[in-house]
Number of protein chains: 2
Amino acid sequence: MHTSLVLEKEKNLKIVRQVLTAYLDEKGQRKTPERYAILEEIYATDHHFNVDDLHFKMRSKNFRVSRATIYNNLDLLIDAKLIRKHQFDKGMAHYEKSYFDRQHDHVILTKTGEVLEFCDPRIQHIKKTIEEVFDINIESHSLYFYGTRQRKMDVDKKIT
Amino acid sequence: MHTSLVLEKEKNLKIVRQVLTAYLDEKGQRKTPERYAILEEIYATDHHFNVDDLHFKMRSKNFRVSRATIYNNLDLLIDAKLIRKHQFDKGMAHYEKSYFDRQHDHVILTKTGEVLEFCDPRIQHIKKTIEEVFDINIESHSLYFYGTRQRKMDVDKKIT
DNA sequence: ATAACTGCAAATCATTTGCAGATCT
DNA sequence: AGATCTGCAAATGATTTGCAGTTAT
């Protein structure tokens, strides 16, 4: 990895640690090593993850945390706006770090489980219309597209 | 209720019964009374429902079905395109009849649990764009807006 | 000192499953 | 008759919870 990217990552880690500290101070909650370890593990990598992924990675680095503590602290990090939670289908929830990214939506490739991100302003336009039509306040939305890679076979089919 | 609406409902019931029969014939599956009773209960009312709602309603009409059978047959009805399933959050899944309605999306009012439906063509436009950008095939999507009714209080706040 | 936190194991809740007996075809 | 269904109860899997012991403040 390029040196500047490493430095960038460290700077970001420092920032999110401070965000967490500020949050815990404000809420009068304790600054436990587990909380920082979980946050750092999340911000050290770039992918979506689930509770088991995180638990396994921390354990393999010899940091002992229980799944219960991870669950508890993921809720805390959500409240601190440091991560977002997704329920792609039934089964385990997925999470992603959120502090440096802007709001986006997802495509789930159902064959591989891959997750793609996109940002389309038209969703905000739809949202605005819905708010007006129903006279409501929309606080959040969830939008997922489910699909598969366009394979050669499919292209052939089209020609036929 | 107006007589023509009652007649309309009966006509529709007849249609969906036939659709189910055709499906079961095609798949070589058995025409059990439970299957028709579940279908009819669903098409007799106009709201979203969950497994417990349905179970309770059928039992209170003295039709004994197990929850397991309901689960099994809801999957079957989904496959027959007679109903759709929604996972609004964690917790119980919701279902809705689908045969006479066209595809639509939902607004969930988080305070009351109310569900509103809407149809906005711009989602299809977004879908098309995403398919082109990522070179994928999108098979389905799920879009939910979460919000609350605009209450008088909120309006007052705005003025302040 | 003491309220908050962690880790474990047990509890929960929606859904699924195994299987014995019932029932469509 | 024979394969498919149903109903029950037990199993599952993700998440939550109760609680005793630990730790940050």
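Look up a bit, the structure's there.
Here goes a summary of the coordinates provided. Since this is a predicted model, take the numbers as computed values, not measurements.

**Quick look at the sheet that holds strand β4 (residues 115-118) of chain A**
Reasoning step 1: Strand order in the open sheet made by the 6 strands is β4(A)-β3(A)-β5(A)-β5(B)-β3(B)-β4(B), with mixed pairing throughout. Of all the strands in the sheet, the pair left with one neighbour each is β4 of chain A together with β4 (115-118) of chain B. With strand direction ignored, the average angle separating the axes of adjacent strands in the sheet is 25°.
Reasoning step 2: As judged from the 13 bridges shared by strand β5 (residues 136-149) of chain A and strand β5 (residues 136-149) of chain B, these two strands associate in the antiparallel manner. By the bridge assignment, isoleucine 136 of chain A is partnered in β5 of chain B with arginine 149 of chain B.
Reasoning step 3: Across the sheet, helix α5 (residues 122-134) of chain A lies against β3 (105-109), β4 and β5 of chain A together with β3 (105-109), β4 and β5 of chain B, angled at about 140° from β5 of chain A, the strand it touches most.

**Quick look at the relation of the copies chain A and chain B**
Reasoning step 1: With an RMSD of 0.1 Å, the fit of chain A onto chain B corresponds to turning through 180° and sliding 0.0 Å along the axis. These values place the two chain copies in the arrangement generated by a two-fold rotation axis. Ranked by how close their C-alpha atoms come to the rotation axis, the residues of chain A are headed by leucine 143 of chain A, at 2.2 Å.
Reasoning step 2: The fraction of interface residues of chain A whose copies in chain B are also interface residues reaches 100%, indicating that both copies meet through the same surface.

**Section: the protein's contact with DNA strand C**
Reasoning step 1: The local shell around DNA strand C holds 18 residues, among which Arg30, Arg35 and Thr69 of chain A together with Arg30 and Tyr71 of chain B are the closest.
Reasoning step 2: Take the atoms of DNA strand C that sit within 4 Å of the protein: sugar and phosphate atoms are 77% of them.
Reasoning step 3: One nitrogen or oxygen atom from the side chain of threonine 69 of chain A is found 2.6 Å from a phosphate oxygen belonging to DNA strand C.
Reasoning step 4: Within the backbone of lysine 31 of chain B, an N or O atom sits 3.0 Å from a phosphate oxygen of DNA strand C.
Reasoning step 5: If you list the elements that add at least two residues to the surface near DNA strand C, you get α2 (33-44) and α4 (67-79) of chain A together with α4 (67-79) of chain B.
Reasoning step 6: Residue contributions to the surface near DNA strand C peak at 3 residues, all from α4 of chain A.
Reasoning step 7: Of the residues that constitute the surface near DNA strand C, the class distribution is 7 nonpolar, 5 polar and 6 charged.

What counts and how
Residues numbered from 1 in each chain as written. Chains lettered and ligands numbered in written order. Predicted model: local features only at pLDDT ≥ 70, side-chain atom pairs only at ≥ 80, totals over all residues. Heavy atoms only, no water. Pairing = 2+ DSSP bridges. Helix = DSSP H or I, 4+ residues; strand = E, 2+ residues; numbered from the N terminus. Axes fitted to C-alpha atoms, helices over the stretch in contact; angles between N-to-C directions. Contact = heavy atoms within 4.5 Å. Least-squares fit on C-alpha atoms with pLDDT ≥ 70 in both. Near = heavy atom within 4 Å. Polar contact = N/O pair within 3.5 Å; in protein donor to acceptor, adjacent residues only side chain to side chain. Nonpolar A, V, L, I, M, F, W, Y, C, P; charged D, E, K, R; others polar.

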